[in-house]
Amino acid sequence: MIKTLLAEVKQYKKASFLTPAFMLLEVIVEMLIPRLMARIVDDGIGKGSMQAILINGAAMLALALGGLFAGFMGGKYGALASAGLAKNLREAMFKRIQTFSFENIDHFSTASLVTRMTTDVTTLQNAYQIVLRMGMRAPASLVVAMIMAFSISPRLALIYLAVVFILGGALFLVAYSVHKIFEKIFREYDNMNENVQENVTGIRVVKAYVREAYERSGFAKTSMELMKKFLHAESILALNGPMMLFSAYGSMMLISWFGAHMIIQNELTTGNLMSLMTYCMNILMSLMMLSMAFVLITMSSASIERISAVLTEEPTITNPAEPVTTVRDGSICFDHVSFSYDGNSKEHVLTDINFAIRSGEMIGIIGSTGSAKTSLVNLISRLYDVSEGTIYVGGRDVREYDLVTLRDEVSHVLQKNVLFSGTIYENLRWGDPDATEAECRRACRLACADEFIERFPEGYETYIEQGGTNVSGGQRQRLCIARALLKKPKILILDDSTSAVDTATDAKIRKAFREEIPETTKLIIAQRIASVQDADRIIVMDEGRISGIGTHAQLMESNEIYRDVYESQTGGGSGDFDEAKMSVEQPLGEEAKHGLYRKGGA
Amino acid sequence: MPRVQPRPLKKEDLKKNAAAMKRLFRFLFSHFGFHLIVVAVCIVISVLANTRGTLFLQTLIDDYIQPMIGSKDPDYLPLALAIGKMAAIYGAGILAMLAQNLIMARVTQGTLDLLRRAMFDHMEGLPIRYFDTHPHGDIMSLYTNDIDTLRQMVSQSLPQFLNSLITIVTVLICMIRLSLPLTFVTLFMVFVMMTATKKIAGRSGKYYMAQQKDIASVNSHIEEMMNGQKVIKVFNHEPQSVKEFLARNDRLFDSAYHANKYANVLAPVNAQLGNASFVLSAVIGGLLAIFTGNLSLGALASFLNFNRSFTMPINQVSQQLNFIVMAMAGADRIFTLLDEKQEPDDGYVTLVNATVDENGEVTEVEERTGTWAWKHYHKADNTTTYKLQEGQVVYDGVDFGYNEDKQVLFDISLQAQPGQKIAFVGATGAGKTTIINLINRFYDIEDGKIRIDGINVNKIKKADLRRSMGLVLQDTHLFTGTVADNIRFGKLDASDEEVRKAAKLANADGFIRRLPQGYDTMLTGNGTNLSQGQRQLLAIARAAIYDPPVLVLDEATSSIDTRTEKLVQEGLDALMKGRTSFVIAHRLSTIRNADCIMVMDQGRIIESGNHDDLMAQRGKYYQLYTGKVVNA
């Protein structure tokens, strides 16, 4: 797991090695300085030699300059390596996600992908920097200080060795048990988050049912539970400082006692005694840092897992080894096709689908919610792969085509469609980056989008907000159709793409299709029977199977489901009110705009 | 790589943040004043113990070791006693530190808990408008990210700050007592360190600001692209999307790198300046000791130790600077929420239990009778009248806009008699949802009047007003808890029997019983383990147990497939019986039997009447219903 992430260090390898190297240099300088200090005290002050003070002082200043340089470089490279790793991780994840199939995308929720690329990466960036800077510094400083202490007086240094083991063990125990509690705290945090989210998104229900007081007391409980767990963890962490202090004071007293004996017996100088005291603090501080780094790393392990899950996710749909890069025509053939979203599941969403469509036909698809209309068309451009059987486009198995070629030739207007922030031209050119303004206008004319675009003060240069929130639902649908038309595809799929467009315009769009792009095969999924009535043939779907195929007249004769739907929609029984017919297109009302934030809870 | 021009730190931002910090401290002291005083005492003890320890080195060398050097038969007893005395002092220091840590943990967590609850309490009272205009992610981040910055600050930076301050003061006193000239030398070096810190921290602060902005830019690109990922695939748009991402990612890298670089450099710079300070003190101290002789060897050694203890806390405080800046911004955001204006509630008419005698006289009673009355106190003549709650709703010339520059509703007038069903039809954005959001005062109207049972809704206490109407929305919102808990949301003290009755009325009993734990099945994440239809049935049961005289249904059945819809529709029909209902729907069957249908267009009611009337009018409704265009 960690290996996957470390592979992304790439061009920052140098910085990643230099950081600990410079930190090591800084540590050595830091360790040498107390020795010089001891000399200043012993040889200079003790013996009254100004020369010794000046020489050692100058040496110390030189070392300090070296330390400054090492510290500066260490800091710089540490920042470079960690910020660089973060950049590479975001880039790798973003690129990886671009290779994902729809199935992969369904696997991760959008919100979780966003958190993984932001919060989790930041957590890791900090952890990496700490590892690079402290990971070397702390143990090195520990070892060097220990060596220095031993070189001054092996007997006294033994005291440190004992303290290091005892304190090290104790600090590890604290870090370990706190880590366990922190895992619980994270779960409690999730609970609290959910509690807040429910109240933010469901605030209308809370207010309508006058449940503010009830929710407040519920949240108070959650918040207090979180506090209790945190207190528990922090009470254990509170031991760290006193334990450190105990070890520090303890060893200082021991050293004072034994050191005094040694000085009196001329085995030690007072300056050396002072140096030993400094090393004592160095050793204990590095132990402290190590235990802190340990806690931090364990805390970031969840982020590591979540990032590597994205990086190691295998795209379920890939290009074939020798892809075909031309599509002959727009004919489609389903041959014993079955499909389930979960590959292993026995329960099929589509079962044994067989039909053939000639190039240039206009096909309507109708059926109740959940009858797998969308699943059916998603298979054509390999948004998902079939579980059984074969789909042929232009006479070849879709799995033989180059994916880019296939998706360029099969233009798909999705049910849940999205416009992106940018001008109308920029959005349209998703279909064809090189499209001229005239081509863009033509596509809009076909999609009946020209009339409202031209009414905008800035026309085709109108800026579309993120998600296309500043145009109405019907306008958005027509822009999406125009965008798909610019691809000049051999097959055009409209998945419920005119549901918010009024019937007259809807008919106009279909008429334009028929007259202007007769070569293109058109598949139109609709709820309204009027939208498919005049198609060459209509496919009626029912619970993942084809219930009937034929013209309107044939189906009225032979297909009960079709007849039912027709009657319910035209006979005034229990059909839908056709909202789109109700009013001329207008920019989305304030109430819908206000609703914008309601969905963004996660 | 594009060079980032960091946004200059804005003065007014800092001022606002500083004000928030002040307020946080006031909050801390008002709730944990005693704790904080004890902590301060503990810090003083541990600092004194520590300082005494540094001084001990001098006494150790000057008073105990030096006299014994050369002595043939050294007497170690005084030394042992001195060390024993030190052990006691150190012990006190250790205990003080332990106490300080434990108390600070309490203060920190207690403060966070209080703030979280204060935020939540306040949030629950905010008007709907607040939730409309603030991204939900931002609101939630207050409870986690911003609170967490305070945790760092209160638990670490604050005691560190106090500790450093006390250390600086005590060490300064000790240093002055040892040697005044050397103290000046040290102070001069401290001044140099502070100047350097200010310079470097300022630099890193600027880049941190730039980093925040770049993070937001990367975030919004990721968010937009992830939301449109399927469209990207369909259009083979991956390369372009990656290209734009890389540009933003590079900018973020640049600012993150510089921000961290300057932050990292601060510590070594100060550490080496500290070393320089040591050398300078040693040289000047040496000169003083050797040439003037009014500085003892031990005193100089001690002074040099103090020199270290003096620069260390300054170093430590500078390390905390980034935390403090972040906490200041976090505190500012938290207090901004706490300062948001609460939903006004100046109503005084309340809803009370009542009985009606044969003469139609309404009397207020304590116990629950199932009959409710509006208790209306008239200030003018100091009388109280009771009006039976029946569910008559009247709109009279209502105008409304979500903001001042755009009016959404124009001159809306309508009357709903008790038990009547009023339906609204019209295009998205015609103002249907807006109209019904006004009855229970989710928003307040600008002009006109809305009356319920003849009383202006503005005069009714909001809780009581909302108590009198049930709401079922298209997006069901369920809460973490059992199925029964969720139904009980409508009536907290409902018995199991009542819960079941409500579920039966809503046609929900059947599916609930088939759930693994029946009514005790836990629901999480807005009931993701249920289908949309099942969730809707629960929402209806919740409204049923609430038993309100007025019912508001906003597209309650629109996202449900036809088979389930029949079930839901039956539940709704049962619920609507005998209640005044406002219904937004686009199923003909739901609308056709309404007592009055309002056809809305661009914020106005353009036609109204029952189905037959409207059909006879041959207007917009006729056109919608038949699909035929009428030549007007």
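Analysis parameters
- Residues numbered from 1 in each chain as written.
- Chains lettered and ligands numbered in written order.
- Predicted model: local features only at pLDDT ≥ 70, side-chain atom pairs only at ≥ 80, totals over all residues.
- Heavy atoms only, no water.
- Helix = DSSP H or I, 4+ residues; strand = E, 2+ residues; numbered from the N terminus.
- Rg over C-alpha atoms; globule rule 2.2 N^0.38 Å.
- Buried < 20%, exposed > 50% of the residue type's maximum accessible area, 1.4 Å probe, protein only.
- Areas by Shrake-Rupley, 256 points an atom, 1.4 Å probe, with all protein chains shown as cover.
- Lys, Arg positive; Asp, Glu negative; His and termini not counted.
- Charge placed at Lys NZ, Arg CZ, Asp CG, Glu CD.
- Pairing = 2+ DSSP bridges.
- Axes fitted to C-alpha atoms, helices over the stretch in contact; angles between N-to-C directions.
- Contact = heavy atoms within 4.5 Å.
- Core = buried A, V, L, I, M, F, W, Y, C linked by side-chain atoms within 4.5 Å.
- Patch = residues over 30% accessible without salt bridge, like charges linked within 9 Å, V, L, I, M, F, W, Y side chains within 5 Å.
- Salt bridge = Lys/Arg side-chain N within 4 Å of Asp/Glu carboxyl O.
- Phe/Tyr/Trp six-rings, centres within 6.5 Å; stacked < 30°, edge-to-face > 60°.
- Lys NZ or Arg CZ within 6 Å of the ring centre and 35° of its normal.
- Buried area = accessible area lost by both parts, 1.4 Å probe.
- Domains from an automatic or database assignment.
- Parallel < 35°, antiparallel > 145°, perpendicular 65-115°, else oblique.
- Left-handed = near helix turned anticlockwise from the far one by under 90°.
- Nonpolar A, V, L, I, M, F, W, Y, C, P; charged D, E, K, R; others polar.
- 1 Å grid on protein atoms, 1.4 Å probe; cavity = no way out; pocket = protein on both sides within 12 Å on 5 of 7 lines; lining within 4 Å.
- Points joined across faces, edges and corners; volume = space filled by probe spheres on them.
- pLDDT = per-residue confidence, 0-100.

Asker: So what's going on with the overall build of chain A? Residues and values would help.
Answerer: Within chain A, the regular secondary structure consists of 20 helices and twelve strands. At 36 Å, chain A has a C-alpha radius of gyration far larger than the 25 Å of a compact globule built from 602 residues. Counting only C-alpha atoms, chain A reaches 120 × 60 × 55 Å along its principal axes. Here chain A holds 602 residues, and the buried ones make up 57% of them. Summing over all exposed atoms, chain A offers an accessible surface of approximately 24,400 Å²; the carbon and sulfur share of this is 58%. With 60 positive and 68 negative side-chain charges, chain A shows a separation of 7 Å between the mean positions of the two kinds.

Asker: So, the sheet that holds strand β6 (residues 410-413) of chain A: which residues are in play, and what are the values?
Answerer: Residues and elements named next belong to chain A. Pairing is mixed in the open sheet, where six strands are placed in the order β6-β9-β10-β3-β11-β12. With one partner strand each, in any of the chains shown, β6 and β12 (545-550) form the two edges of the open sheet. Sheet twist, expressed as the average angle between the axes of neighbouring strands with direction ignored, equals 15°. Where strand β3 (residues 362-366) lies against strand β10 (residues 521-525), four bridges are found, and the strand directions are parallel. Bridge pairing in β10 places methionine 362 opposite lysine 522. Lying on the sheet, helix α16 (residues 473-485) is in contact with β6 and β9 (491-495); it crosses β6 at an angle near 170°. Running at roughly 145° to β3, helix α17 (residues 503-516) makes contact with β3, β9 and β10 of the sheet.

Asker: Before we move on, could you go through the nonpolar core and cite the residues and values that matter?
Answerer: Of all hydrophobic cores here, the largest spans 147 residues; its most connected members are Tyr143(B), Tyr395(B), Phe424(B), Ile487(B) and Phe582(B). Excluding anything up to four places from it in sequence, Phe582(B) contacts Val393(B), Leu414(B), Ala416(B), Ile422(B), Phe424(B), Ile436(B), Ile439(B), Val550(B), Leu551(B), Val552(B) and Leu553(B). In terms of nonpolar packing, the next biggest core, distinct from the first, is built from 128 residues, Ala86(A), Phe456(A), Val471(A) and Val234(B) among them.

Asker: Give a detailed account of a nonpolar patch on the surface, specifying residues and quantitative values.
Answerer: A grouping of Leu24(A), Ile28(A), Leu32(A) and Met136(A) is seen on the molecular surface, where their side chains present a nonpolar patch of about 270 Å² in accessible area. Inspection of the secondary structure puts Ile28(A) in helix α2 (residues 13-46).

Asker: Before we move on, could you go through the packing of aromatic side chains and cite the residues and values that matter?
Answerer: This model, assessed by the stated rule, comprises 27 aromatic pairs over all chains. Seen in terms of ring centroids, Tyr402(B) and Tyr443(B) are 5.0 Å apart; in terms of plane orientation they differ by 90°. Their pairing is edge-to-face. In this pair, Tyr402(B) is assigned in the loop between β5 (393-400) and β6 (409-416) and Tyr443(B) in the loop between α9 (432-439) and β8 (447-452), connecting sequence segments 41 residues apart. Judged by its relative accessible area of 2%, Tyr443(B) is buried. One aromatic cluster in this structure is built from Tyr209(A), Tyr214(A), Phe479(B), Phe489(B) and Tyr546(B). Taking NZ or CZ as reference, Arg500(B) lies 5.5 Å from the ring centre of Tyr519(B), over its face. Taking the ring centre of Phe410(B) as reference, the NZ or CZ of Arg604(B) above it sits at 4.2 Å.

Asker: Would you mind going over the interface of chain B and chain A in detail, with residue names and values included?
Answerer: In this assembly, 161 residues from chain B lie in contact with 152 residues from chain A. Carbon and sulfur atoms supply 68% of the area that chain B and chain A bury against each other, a total of about 14,400 Å² over both sides. Remark: the boundary between chain B and chain A carries five salt bridges. Notably, a salt bridge pairs Glu234(A) with Arg151(B), separated by 3.7 Å at the nearest N-O pair.

Asker: Can you lay out the domain arrangement of chain A for me, pointing to particular residues and giving the numbers?
Answerer: Think of interface size as the accessible area that goes away when the parts come together; that is how it is often given. By the assigned domains, chain A splits into domain 1 (2-311) and domain 2 (332-531). Distance between the C-alpha centres of domain 1 of chain A and domain 2 of chain A: 54 Å.

Asker: Just give me the short version of the packing of helix α8 (residues 212-237) of chain A against helix α2 (residues 77-124) of chain B, but keep the residues and values in it.
Answerer: Where α8(A) meets α2(B), the closest approach of the two axes is 9 Å, and the angle between their N-to-C directions is 160°. Judged on the interaxial angle alone, α2(B) and α8(A) are roughly antiparallel. Judged by the twist between their axes, the crossing of α8(A) over α2(B) is right-handed. Grouping the constituent residues of the contact of α8(A) with α2(B) by class yields ten nonpolar, four polar and ten charged.

Asker: So what about the packing of α2(A) against helix α3 (residues 50-98) of chain A? Which residues, and what values?
Answerer: All names here are of chain A. Two elements in contact, α2 and α3, have axes separated by 8 Å at closest approach and are oriented at 160°. Put simply, α2 runs roughly antiparallel to α3. For the crossing formed where α2 meets α3, the hand is left-handed. Residues that form the contact of α2 with α3 fall into these classes: 24 nonpolar, ten polar and three charged.

Asker: Report on a negative patch on the surface, specifying residues and quantitative values.
Answerer: A contiguous patch of negative charge, built from Asp396(B), Glu404(B), Asp405(B), Asp411(B), Glu446(B) and Asp447(B), is present on the exposed surface. Here Glu446(B) lies in the loop between α9 and β8.

Asker: Now, about the sheet that holds β6(B): what can you tell me, with residues and values included?
Answerer: Residue and element names in this part refer to chain B. As summarised here, the arrangement of the four strands in space is β6-β5-β8-β9, forming an open sheet in which the pairing is antiparallel. This sheet does not close on itself; its edge strands, each paired only once, are β6 and β9 (455-456). Judged from the five bridges that link them, β5 and β6 form a sheet pairing that is antiparallel. For valine 393, the partnering residue across the bridge sits in β6 and is alanine 416. Helix-sheet contacts for α9 involve β5, β6 and β8, and the interaxial angle to β5 is about 120°.

Asker: How would you explain a positive patch on the surface if you had to name every residue and give the values?
Answerer: A cluster of basic residues, Lys198(B), Lys199(B), Arg203(B) and Lys206(B), forms a positive patch on the protein surface. Mapped onto the fold, Lys206(B) is located in helix α5 (residues 180-227).

Asker: Go over empty space enclosed by the protein with me, naming the residues and quoting the values.
Answerer: Residue and element names in this part refer to chain B. Under the defined criterion, the tally for this structure stands at ten cavities of 30 Å³ or more. Estimates place the volume of the largest cavity at around 50 Å³. Looking at the largest cavity, the residues that line it are Thr433, Ile436, Asn437, Asn440, Phe442, Leu471, Leu473, Val552 and Asp554. Contributing elements (two or more residues each) for the lining of the largest cavity: α9, β10 (469-473) and β13 (550-554). The residue makeup of the lining of the largest cavity, split by class, is five nonpolar, three polar and one charged.

Asker: Lay out unusual backbone geometry with the relevant residues and their values.
Answerer: Positive phi, close to 45°, is recorded for Asp352(A), a residue that is not glycine. Note on placement: Asp352(A) falls in strand β2 (residues 350-357). The exposure class of Asp352(A) is partly exposed, given its relative accessible area of 40%. Although it is not a glycine, Gln602(B) adopts a positive phi angle of roughly 45°. For Gln602(B), a relative accessible area of 40% corresponds to the partly exposed category.

Asker: Now, about the confidence of the model for chain B: what can you tell me, with residues and values included?
Answerer: Residues and elements named next belong to chain B. Considering every residue of chain B, the mean pLDDT works out to 84; 94% of them sit at 70 or more. The low-confidence segment residues 1-9 (pLDDT under 50) makes 20 contacts with residues lying over four places distant or belonging to another chain. This prediction of the complex comes with two scores: 0.75 for pTM and 0.80 for ipTM.

Asker: Please set out the pattern of salt bridges residue by residue, giving values where relevant.
Answerer: Residue and element names in this part refer to chain A. The final tally for this structure, using the stated rule, is 47 salt bridges over all chains. A salt bridge links glutamate 400 to arginine 396, with the shortest nitrogen-to-oxygen separation between them at 2.8 Å. Residue classification places glutamate 400 among the partly exposed residues on the basis of a relative accessible area of 34%. Residue class for arginine 396 comes out partly exposed when judged on its relative accessible area of 37%. The salt bridge involving lysine 508 is made with glutamate 451; its shortest N-O contact spans 3.7 Å. In this pair, lysine 508 is assigned in helix α17 and glutamate 451 in helix α15 (residues 450-455), connecting sequence segments 57 residues apart. Exposure remark for glutamate 451: the relative accessible area of 33% places this residue in the partly exposed category.

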